[in-house]
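Summary of the model geometry
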Amino acid sequence: MKKRTWYRLDNAAKIYPPTSNSRRSGVFTLSAVLNEEIDKDVLNDAVNVVLNRFPLFKVKLKRGVFWYYLEENKKPFYVAQEPPFFLQFINEEESNDYLFRVFYFNNKITLAIFHALTDGTGGMEVLKAIVFEYLILKGYKIKADNELKTIYSPYSNNETVDDFLRVYNKKTPKQPKALPAFKITGTPFNNFGVGVITAKISIEDVKKIAKDYDTTITGLFSGLLVKIIYDNHVKNKKLKNKNVRVLVPVNLRKIYQSDTMRNFAMFSRPGIDFVNNEENVDLKTCIEVCSKQIKEGSTKEVIDTIIASNVKTEKNWLLKIAPLFLKDIAMQIGYSKLGDTLHTTSLSNLGLVSLPEGVKKHVKEFVFALGASYSSRFSMAVIGYESFLNLTFTRDFVETTIEREFIRFFTSQGVEVEVKSNYWEDNLWKSALNVK
């Protein structure tokens, strides 16, 4: 079979090149914390080995006449020490034209990915492969046990398929129009950093509380975010827009039986418009409303309408024949009206990370973080491993009210929460975050 040297961007990826910049990075990170200090040289060798297994990652972004596309990158890949601002836009010169970075810091390996390449699920497969190969090169006798995609496991062309196009049905009706959402304000940092606070909490404790509210973990977190944002940013204020919405990604791989390593997620936007609905809105109500909306918004019927709307736009003949610089302008205008404007905050739950027994004993925890920007100023990412969840809050402003109230909800119920920050911001948040 002839080796493939270029790829079209998938349907979800097309929006990122024209709309991403130093103020909206389009980057998310996945970190594996090991039980030993990271050897830089071994990690570098591991990443370059793993790149042979994932051709979709061994690419650079190119501008064509009509579309951006991914072309094989023949340059070597180099890992780097994790910088303080690791959620920044990926600089092509620093990354050797790759659309991702791999950082190390003490015993942590961090994979930073430009969203045009893949989503959190696809990125996690690559991070697990890197960790596995790193441990192999360190001399550990471990096996993948068919749970990991490694250089020792078979490659399938299905991994590079744009499954949005595969499942698209042009006869699907249009999705209902969404209204703009309330936007959080705060004091900007005096640098280009992103505030990152991670809270570690027992999965069983969270499940118990979610069960008390007759919901899922994502339903609990969504409703809690809506209530906290309302109480601290909306309540008793004269605002025209009080529509608090949480963007919740839905992994489509199980719904459509997909093995793709590309972006393959859609979104529900649970929340409450408080303009005419401010009386007796308690936490229980917020959780019930959000849980119902997440359930309804995650059905195949609803997802079909969203995919159809997005793909129909891509297939529009006028857009197809327009040169790339006009497409860039059109996408930037469209994104300003239909992108970040439709949600107040983001909540992405990657679920529980599974590892083979031989690998598991070398890994302490995983951390997942979303970027924050001037148009989407606060985000929350969740990932589970063994018996704990790591909840990571990111923001581009100084105030830590949302994180503090979120964590206090659990500590007030006797749940132990371990809190830590990205190291550059330690002195800022320790005085502001008064939790046990």
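Refer to the preceding data block for the structure.
Below or above, wherever it landed, is the structure these notes cover. (Residues numbered from 1 in each chain as written. Predicted model: local features only at pLDDT ≥ 70, side-chain atom pairs only at ≥ 80, totals over all residues. Heavy atoms only, no water.)

Counting its regular elements, the protein chain contains 14 helices and 16 strands. In terms of overall size, the protein chain behaves like a compact globule, its C-alpha atoms giving a radius of gyration of 21 Å where 436 residues would be expected to give roughly 22 Å. Considering only C-alpha atoms, the protein chain reaches an extent of 65 × 55 × 40 Å along its principal axes. In the protein chain, buried positions account for 55% of the 436 residues. (Helix = DSSP H or I, 4+ residues; strand = E, 2+ residues; numbered from the N terminus. Rg over C-alpha atoms; globule rule 2.2 N^0.38 Å. Buried < 20%, exposed > 50% of the residue type's maximum accessible area, 1.4 Å probe, protein only.)

You will see that D97, though not glycine, has its phi angle at about 75 degrees, which is positive. Position of D97 relative to the elements: it lies in the loop between α3 (92-95) and β6 (100-105). Although it is not a glycine, E386 adopts a positive phi angle of roughly 60 degrees. Summarising the element assignment, E386 is placed in the loop between β14 (378-385) and β15 (388-395). Taking the relative accessible area as the measure of exposure, E386 reaches 46% and is therefore partly exposed.

This next bit is on the nonpolar core. Grouped burial of nonpolar side chains is what soluble globular proteins tend to show. The biggest cluster of nonpolar side chains holds 70 residues, and the ones touching the most others in it are L43, L70, F100, V102, L127, V131 and F366. The dominant element in this core, judged by the number of residues it contributes, is helix α4 (residues 120-137), at 9 residues. By size, the runner-up hydrophobic cluster in this structure holds 46 residues, among which are I201, V206, C286 and F393. (Core = buried A, V, L, I, M, F, W, Y, C linked by side-chain atoms within 4.5 Å.)

Before going further, it helps to spend a moment on the sheet that holds strand β4 (residues 68-72). On the basis of which strands lie adjacent, the open sheet formed by 3 strands has the order β1-β4-β3 and antiparallel pairing. Two strands in the sheet have a free side with no partner beyond their single neighbour: β1 (6-8) and β3 (59-63). Pairwise comparison of adjacent strand axes, ignoring direction, gives a mean angle of 30 degrees for this sheet. (Pairing = 2+ DSSP bridges. Axes fitted to C-alpha atoms, helices over the stretch in contact; angles between N-to-C directions.)

The next subject is the packing of helix α6 (residues 203-212) against helix α7 (residues 217-234). Between α6 and α7, whose axes approach to 9 Å, the crossing angle comes to 75 degrees. By the angle between their directions, the pair α6 and α7 is classed as roughly perpendicular. When α6 is examined against α7, the residues V206, K207, I209 and A210 are found in contact with a partner set consisting of I217, L220 and F221. Class assignment of the residues belonging to the contact of α6 with α7 gives a composition of 6 nonpolar, no polar and 1 charged. (Parallel < 35°, antiparallel > 145°, perpendicular 65-115°, else oblique. Contact = heavy atoms within 4.5 Å. Nonpolar A, V, L, I, M, F, W, Y, C, P; charged D, E, K, R; others polar.)

This next bit is on the pairing of strand β9 (residues 243-251). The buried fraction of β9 amounts to 7 of the 9 residues, a majority that puts the element mostly inside the structure. In this structure, β9 lies alongside strand β11 (residues 271-273), joined through 3 bridges in antiparallel fashion. Following the sheet pairing, V244 is matched in β11 by I272. Pairing between β9 and strand β12 (residues 345-353): 2 bridges, direction parallel. Paired with V246 across the two strands is T345, which belongs to β12.

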